[in-house]
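In case you want the letters, here they are:
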Amino acid sequence: MPECPVGRFAPTPSGRLHLGNMLCAMLAYLSVRSRGGRFLLRIEDVDAPRCPRSLAQQCIDDLRWLGFTWDGEVLYQSERTEIYHAALDRLTAAGHTYPCFCTRAQLMSLAAPNQGDTQVIYQRTCARLTPEEAAEKAKLRPPAIRLRVPAEEVSFVDGLFGAQTENLARDCGDFILRRSDGLYGYQLAVVVDDALQGVTEVVRGRDILTATPRQLYLQRLLGYASPGYVHIPLLVDAQGRRLAKRDRDLDLTALARRFSPEEILGMLAFSAGLIPEVRPVTLEQLIPEFAWANCRREDLRLPSLEP
Ligand code: GLU
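Residues numbered from 1 in each chain as written. Predicted model: local features only at pLDDT ≥ 70, side-chain atom pairs only at ≥ 80, totals over all residues. Heavy atoms only, no water.

Draft legend 1. View of the site of the ligand. Lining the immediate surroundings of the ligand are Arg 8, Ala 10, Pro 11, Thr 12, Glu 44, Tyr 186, Val 190, Arg 204 and Ile 208. Ala 10 is positioned with one of its backbone polar atoms (N or O) 2.7 Å from a nitrogen atom of the ligand. In the model, a nitrogen atom of the ligand is placed 2.6 Å from a nitrogen or oxygen of the Glu 44 side chain. When the ligand is considered free in solution it has 300 Å² of accessible area, and contact with the protein chains removes 84% of it. The residue inventory of the shell around the ligand, partitioned by class, reads five nonpolar, one polar and three charged. (Near = heavy atom within 4 Å. Polar contact = N/O pair within 3.5 Å; in protein donor to acceptor, adjacent residues only side chain to side chain. Areas by Shrake-Rupley, 256 points an atom, 1.4 Å probe, with all protein chains shown as cover. Nonpolar A, V, L, I, M, F, W, Y, C, P; charged D, E, K, R; others polar.)

Written out as structure tokens, the structure reads:
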């Protein structure tokens, strides 16, 4: 285990913080703070048009309201294009990328990281273009840039879900590093930032678990150390239904009108299995007792929010 664990919370501010985000922030925070580690906040607004600064600021204010503290400055992905560009150049110079002119590429690249499961495997149409053909096509429209992945198994041990394996070519396919509109994809940005920020532990939703082998492979190509990964179970409502982002009463706009920060943290801590009954708690109160061994692996059921 590293001497000083470094964790992070990396929200995409395309809407107000949701209970699922808050749970993720809470567990990421408790995991490192309980071991005297550092906690970083990174705003994943690489898709800047979808993530206005006002929403990022709202997210920061909400985290403060809940009692989170973080080390150092907040990092904004939208300000780091040059850094992602340099990483892409390295991959291209080493022959790992190719331009892709398929229009479907744009559609696929718009998929959120949590759509990894349903993503279509790219059939490598553009990997077969000659340099001359690619140059001709580039006159008509700018290409997306894809990473060529090998038919290789990538494995890791998840902190909660145990051993995981994915065959890159079969299960995910050549994925997009930069979209045809010039915006960098989630996979490249997250790998570069986790490495350059010295992150040793990534805690995030189970819906992104399938992105991890891709990120491990990118880390290897770029010569970065890999952090440990803990993917957390899905949060479901008191009836066992999956929470949806469109469910407005579960974001902070509605919740903050009805509950104090301590009440919200108490509901989340109870759902995760950290406290035996629903009661108001602060993050500081949860730190001394925190252990992943106490966290549930099955879907995390919220208490009823009915008054
Ligand atoms: N920005 C992603 C999200 O909000 C999280 C990515 C990650 O933690 O690696 O879903």
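Draft legend 2. Seen up close, the pattern of salt bridges. Tallied over the full model, the rule gives 18 salt bridges. Between Asp 194 and Arg 8 there is a salt bridge whose closest N-O contact spans 3.0 Å. One end of the pair, Asp 194, is in helix α7 (residues 186–196); the other, Arg 8, is in strand β1 (residues 6–9), with 186 residues separating them in the sequence. Residue classification places Arg 8 among the buried positions, given a relative accessible area of 4%. We note a salt bridge from Asp 171 to Arg 170, for which the minimum N-O separation is 2.9 Å. Assessed through its relative accessible area of 55%, Arg 170 is described here as exposed. (Salt bridge = Lys/Arg side-chain N within 4 Å of Asp/Glu carboxyl O. Helix = DSSP H or I, 4+ residues; strand = E, 2+ residues; numbered from the N terminus. Buried < 20%, exposed > 50% of the residue type's maximum accessible area, 1.4 Å probe, protein only.)

Draft legend 3. Local environment of the pairing of strand β5 (residues 144–147). Because side chains alternate across β5, one face comprises the buried residues Ala 144 and Arg 146, and the other comprises Ile 145 and Leu 147, equally buried. Here strand β4 (residues 97–100) pairs with β5 via four bridges, running antiparallel. Paired with Pro 99 across the two strands is Ile 145, which belongs to β5. Pairing between β5 and strand β8 (residues 175–178): three bridges, direction antiparallel. Within β8, the position partnered with Leu 147 by the bridge is Phe 175. (Pairing = 2+ DSSP bridges.)

Draft legend 4. Up close: the sheet that holds strand β3 (residues 75–76). Here five strands make up an open sheet; going across it, the order is β3-β2-β1-β9-β10 and the pairing parallel. Two strands lie at the open edges of the sheet, namely β3 and β10 (228–232), each paired on one side alone. Of the strand pairs in this sheet, β1 and strand β9 (residues 201–205) are connected by two bridges, and their pairing is parallel. Opposite Arg 8, over in β9, you have Val 202 as the bridge partner. Its contacts with the sheet put helix α8 (residues 212–222) on β9 and β10, and the angle it makes with β10 is roughly 165°. (Contact = heavy atoms within 4.5 Å. Axes fitted to C-alpha atoms, helices over the stretch in contact; angles between N-to-C directions.)

Draft legend 5. Region of interest: the sheet that holds β4. Pairing in this open sheet of three strands is antiparallel, and the strands run β4-β5-β8 from one edge to the other. Looking at the sheet topology across the chains shown, the edges are occupied by β4 and β8. If you compare each strand with its neighbour and ignore which way they point, the axes differ by 45° on average.

Draft legend 6. A look at the nonpolar core. Formed by 87 residues in total, the largest nonpolar core has its most connected members in Leu 19, Met 26, Leu 27, Phe 68, Leu 188 and Ile 264. Ranked by size, the runner-up nonpolar core spans seven residues in total, among them Cys 100, Phe 101, Cys 102 and Cys 126. (Core = buried A, V, L, I, M, F, W, Y, C linked by side-chain atoms within 4.5 Å.)

Draft legend 7. The arrangement of the environment of Pro 52 in detail. Mapping Pro 52 onto the fold places it in the loop between β2 (38–43) and α2 (53–66). Exposure remark for Pro 52: the relative accessible area of 34% places this residue in the partly exposed category. Sequence separation between Pro 52 and Arg 170 is 118 residues; the distance between their C-alpha atoms is 36 Å.

Draft legend 8. Broad picture of α7. Taking burial as the measure, the eleven residues of α7 include nine buried ones, the bulk of the element. Immediately downstream of α7, the backbone of Gly 198 shows phi near 70°, a positive value.

Draft legend 9. Representation of the packing of aromatic side chains within the structure. All chains considered together, the criterion is met by six aromatic pairs. Judged by centre distance (5.9 Å) and plane angle (55°), the rings of Tyr 84 and Tyr 184 are tilted. A residue pair is termed long-range when its members are at least 10 positions apart, and Tyr 84 in helix α3 (residues 81–93) and Tyr 184 in the loop between β8 and α7 qualify at 100 residues. As far as burial versus exposure is concerned, Tyr 84 and Tyr 184 are alike and both buried. Judged by centre distance (6.0 Å) and plane angle (70°), the ring pair of Phe 156 and Tyr 229 falls under edge-to-face. Linking Phe 156 in strand β6 (residues 153–158) with Tyr 229 in strand β10, this pair joins segments that are 73 residues apart in sequence. This pair shows no difference in class: Phe 156 is buried, exactly as Tyr 229 is. By the ring-pair criterion, three or more aromatic residues cluster together here, those being Tyr 29, Phe 39 and Phe 68. Above the ring of Tyr 76, the side-chain terminus of Arg 53 is found at 3.6 Å from the ring centroid. (Phe/Tyr/Trp six-rings, centres within 6.5 Å; stacked < 30°, edge-to-face > 60°. Lys NZ or Arg CZ within 6 Å of the ring centre and 35° of its normal.)

Draft legend 10. Fine view of the environment of Tyr 29. Looking at the element boundaries, Tyr 29 is found in helix α1 (residues 19–33). The spatial distance from the C-alpha of Tyr 29 to the C-alpha of Ala 225 is 21 Å, given a sequence separation of 196 residues. If we ignore the near neighbours within four places in the chain, the residues touching Tyr 29 are Phe 39, Gly 67, Phe 68, Thr 69, Leu 283, Glu 284 and Ile 287.

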